[in-house]
Structure formats: C-alpha cells, structure tokens
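# Notes for the structure review
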Amino acid sequence: MSRDRLRIGFIPLCDAAALILAVDRGFTAAEGLDVELVREVSWSNVRDKLNIGIFDAAHLLAPVAIASSLGLGHVKVPIVAPLALGVNGNAITVSPGLQAALAAAADGDMVDPLASAHALARVVAQRKARGEEPLTFGMTFPFSSHNYGLRFWMAAGGVDPDEDVRLVVLPPPYMVESLVNKQVDGFCVGAPWNSVAVDLGVGFILHFVSDILGRATEKLLAVRTRWAQDHADALSGLVRAHRRAAAFVEDTANRDEVTAILAAPNRIDVAVEVIHRTLDGQLKVAPDGTVRTSDRYLLVGRKNAARPDTVQAAWLYAQMVRWGQAPLSAEMLAAANAVFRPDLFDVTQVDANPDLIGEPADGIGAFAGPPFDADDIAGHLAAWKKPG
C-alpha cells in the first residue's frame, strides 16, 4: 500500500497526546499515512511553517488558526480544523511571593476565581501605591486562550490587563525557567509546565483555567484550507487516526503505556508521573504536596472534546474584538466560524450519542458574566466593560 508522507509540527504539551499517539501507536500508519512529527519550541515557528507549507498539518493554538485565517498579526492564510486536540488543560501558576500576597489580600476562598481576581486587584493597587513595578505574567502567544483566560480572570476582578500588569509572550518550555529567574510573577500555560513548576517548589497552581471557562478549546489539528481541498483522503485518514488515538489516551487501562510514550525525550520529555497526574486530573497545586482533583482539567476525547465547535470559534473571535485585536463584523465572525469544521469530523463519526452531561449549556461556562450568545457578540462587548 502506497503511503502519503506528511510532516506535522507540535509543541511539547500534554494536549498533543492524540497527535503523538496517533503516530507512535501506529494509527496513522494504519490509514496509509507516513507521518513525521517535528517538535518545535514556539507557536510562531509552528504557525509560520504551517503557513508556508513546511508542515502539512500542525498542533496549533485555536486562536492562531482563526487569526491566520483573518490575517491578524501576520500574513493571511486560511486554515481549517477538522478535529480538536484538547479542551481545557491550562492553568495559572504564580510565584510563592505572589501566592502569599494574594492570600493576605483575599476576602474569601481563593479557589473561587472571583475572590482571587479581587485579591489581585488589591495587590496591584498596593504595589502601585508603593511605586513598585507592575506584576508580570507570561502567556504563550497574543492569539491564545492563555492570553484570553488571564485577561478574562483579571478583568472580572477590576484589573486592566493592558494598564495594571504586564503580559509577556514566552514559549511553553521556558515558563518555569522564567519564574525561577524572577522574570515573571506568574504565567498561564498548558500541561505539564504548571506541574513542573510546583514539583520544583517554585510555583503554586492558583487556578485550572477550567475554573474560569468550563469548556475552552485549546488546540486544533490544523491544515491549510487549500491542502484540505487537495488531500481530502489523507485528511479523512488523519481524522480517523486521531479519533482512535484520543479514545486510546482516554482509556485508563492504557494510561501507563500512554504516559511512557508521551514522556519520551523526543516528545514531551518530562517525568512520567507528571504526565500521569495530568491525564488523571490529579495535580499537585502547591510545593507541600497539596493535590487538587478535576475530572475536566484536560479533555482529549471525552465529552465530545475532539469535535470542533463553532461556538468556541465565536467566543475566541469575541475575545479578539474585546481586546482590540480585531474589528467586529459579521463577515469576520463567519470567517472565524469557518475555521472549525465539524462537518469534516462528522464524516468519520462513530459515537452515536456523545456524553455531554454536565457540560455548560452555552458551550463556554465562563465563571463571570452572562451566558455566552454567539449571535450577540456586540451585547457581550457592552457587558464586558473595560476595567477601571
């Protein structure tokens, strides 16, 4: 059987699990695909190599796929995503010093993101009154759910993320080092890097981003629109292989095999136990060993997570408009929605009735503000008034 040869770029993160397992467990080969996975450091590298055709497909930040299709921040290259690689999976981690300051300023349980956001506002005001430099937070890319999750949380507490703090871009593998070197006071990143900071004793996980947004599409299996049109059979094979891989990852009977594959030096390259805790949803949140459990910290295949959802595309576009990255227009919203292609996923559908019990009714589940209505972004922009 002849095989299509493909190069796919990825970043060493746990939400690349289905991508890695699809190749390393032989699911892509079973579809007649010869796939080379290429590990990258930064999202700009992945985006650029996908856009110019060095990569046939990529593990890509969902907002980057939208921004590329809209021509925001870079050249315009239409992208489509027939499958989501991860829902949720991010966390906000802070330094021991900031953790202590927030705890001292908190009025309520800091497990509540609204309580911690108000505590952050008090800390920001105290630092400003003392003439100290603004707090600095790392995030992975301007067009990222990390950026939008941080901003949504901060703004709910009255912190202006553009005026009251500094947000800086850092590649995921460099987050922990930047915290150690005191270049940042906190960061928002995907697994496993929050856990690595906790294990090293240099960070506290303040929130799982699933506390802030109950359901947030984080990464996509992305391809150029033209490539999808020219390689329909290969694309269908990729989707089938990744669906099988996602199911394999989610089956706890396979957990030891999955974590061993993901922990390999040419894949994520961290301790097996760190990945194990991530997939189990049992994360140490403090250096003293305190563990917090969440059954929705990272969804790879459960809860229909692999199916692209246009509500998620509308939400991400709304955040781009809210924070001045894009104008509001019906045409741009339609183009953003067109990136997420559930139709390309559904042609390989095998789950008759996906389990959506407990999922947010509006598809987002934000901890503050009204339920999201994808048909009323203008109304949400009015509700999401800028802090201050």
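Residues numbered from 1 in each chain as written. Predicted model: local features only at pLDDT ≥ 70, side-chain atom pairs only at ≥ 80, totals over all residues. Heavy atoms only, no water.

Another aspect to go through is the overall build of the chain. Within the chain one finds 17 helices and 13 strands. Over its C-alpha trace the chain gives a radius of gyration of 20 Å, about what one expects of a compact globule, namely 21 Å for 388 residues. Per-residue burial for the chain yields a buried fraction of 59% across its 388 residues. When contacts within the chain are restricted to residue pairs at least 6 apart in sequence, long-range pairs at least 24 apart make up 76% of them. Summed over all atoms, the accessible surface of the chain reaches about 14800 Å², with 51% contributed by carbon and sulfur. Measuring between centres, the 35 positive side-chain charges of the chain sit 3 Å from its 45 negative side-chain charges. (Helix = DSSP H or I, 4+ residues; strand = E, 2+ residues; numbered from the N terminus. Rg over C-alpha atoms; globule rule 2.2 N^0.38 Å. Buried < 20%, exposed > 50% of the residue type's maximum accessible area, 1.4 Å probe, protein only. Contact = heavy atoms within 4.5 Å. Areas by Shrake-Rupley, 256 points an atom, 1.4 Å probe, with all protein chains shown as cover. Lys, Arg positive; Asp, Glu negative; His and termini not counted. Charge placed at Lys NZ, Arg CZ, Asp CG, Glu CD.)

Time to look at helix α13 (residues 272-280). Within α13 the residues assigned to the buried category are Val274, Ile275, Arg277, Thr278 and Leu279. On its buried side, α13 packs onto α9 (193-199), α11 (232-250), α12 (255-262), β11 (282-284) and β13 (298-299). Gly281 occupies a position one or two residues after α13 and carries a positive phi of about 70°.

So, about the packing of aromatic side chains. Here a ring pair, both rings aromatic, is described through the centre-centre distance and the interplanar angle of the planes. The final tally for this structure, using the stated rule, is seven aromatic pairs. Look at Phe152 and Phe367: their rings are 5.9 Å apart centre to centre, the planes differ by 75°, and that puts the pair in the edge-to-face class. One end of the pair, Phe152, is in helix α7 (residues 145-156); the other, Phe367, is in the loop between α16 (342-346) and α17 (377-383), and 215 residues separate them in sequence. When its relative accessible area of 4% is taken as the criterion, Phe152 is described as buried. (Phe/Tyr/Trp six-rings, centres within 6.5 Å; stacked < 30°, edge-to-face > 60°.)

Turning to the pairing of strand β6 (residues 136-139), a few remarks are in order. Alternating positions in β6 separate into two faces, Thr136 and Gly138 on one and Phe137 and Met139 on the other, with burial throughout. Relative to strand β7 (residues 166-169), β6 runs parallel, the two sharing four bridges. Within β7, the position partnered with Phe137 by the bridge is Leu167. The parallel pair β6 and β7, bridged by α7, forms a crossover whose chirality is right-handed. (Pairing = 2+ DSSP bridges. Right-handed = clockwise from strand over helix to strand, strands pointing away.)

Let's shift gears to the environment of Val87. Among the secondary structure elements, Val87 is positioned in strand β4 (residues 79-88). Note: C-alpha distance between Val87 and Ala216 (129 residues apart in sequence) is 5.4 Å. When neighbours within four sequence positions are excluded, Val87 is seen to be in contact with Arg215, Ala216, Thr217, Glu218, Tyr297, Leu298, Leu299 and Ala305.

Right, let's get into the sheet that holds strand β8 (residues 186-190). Taken together, the five strands give an open sheet; going across it, the order is β7-β6-β8-β5-β9, and neighbouring strands pair in mixed fashion. Looking at which strands have only one partner, the edges of the open sheet turn out to be β7 and β9 (204-208). Taking the axes of each pair of neighbouring strands and ignoring which way they run, one obtains an average angle of 25° across the sheet. Here strand β5 (residues 90-94) pairs with β9 via four bridges, running antiparallel. Across the sheet, Ala91 pairs through a bridge with Phe208, a residue of β9. (Axes fitted to C-alpha atoms, helices over the stretch in contact; angles between N-to-C directions.)

So, on to the sheet that holds strand β1 (residues 4-10). Strand order in this open sheet of six strands is β2-β1-β3-β10-β4-β13, and the pairing throughout is mixed. Every other strand in the sheet has two partners, leaving β2 (33-39) and β13 as the edge strands with one partner each.

Okay, the state of the cysteines next. Working definition: the covalent bond between the sulfur atoms of two cysteines is a disulfide. Under the definition given, this model contains zero disulfides. Of all cysteine sulfurs in the structure, the one in Cys188 sits closest to Cys14, which takes part in no disulfide; the separation is 15 Å. A relative accessible area of 1% places Cys14 in the buried class. (Disulfide = S-S within 2.5 Å.)

A few words on the packing of helix α14 (residues 310-322) against helix α15 (residues 330-339). Relative orientation of the contacting elements α14 and α15 amounts to 135°, with a least axis distance of 8 Å. As far as their axial angle goes, α15 and α14 are oblique. Crossing geometry of α14 relative to α15 is assigned as right-handed. Mapping the contact onto sequence places Thr310, Ala313, Ala314 and Tyr317 in α14 and Met332, Leu333, Ala336 and Asn337 in α15. Partitioning the contact of α14 with α15 into residue classes produces six nonpolar, two polar and no charged. (Parallel < 35°, antiparallel > 145°, perpendicular 65-115°, else oblique. Left-handed = near helix turned anticlockwise from the far one by under 90°. Nonpolar A, V, L, I, M, F, W, Y, C, P; charged D, E, K, R; others polar.)

Another aspect to go through is helix α1 (residues 17-24). Of all eight residues in α1, seven are buried, a share of seventy percent or more. Those residues of α1 that fall on the buried side of the exposure criterion are Ala17, Ala18, Leu19, Ile20, Leu21, Ala22 and Val23. In the segment just after α1, Gly26 is the residue with positive phi, at about 90°.

The next subject is the side chain of Arg296. Among the secondary structure elements, Arg296 is positioned in the loop between β12 (291-293) and β13. A distance of 2.7 Å separates the side chain of Arg296 from the backbone oxygen of Gly214, its partner in a polar contact. Beyond its immediate chain neighbours, meaning those up to four positions away, Arg296 contacts Asn88, Ser210, Gly214, Arg215, Glu359 and Pro360. (Polar contact = N/O pair within 3.5 Å; in protein donor to acceptor, adjacent residues only side chain to side chain.)

Purely spatial values, then, with no claim about function.
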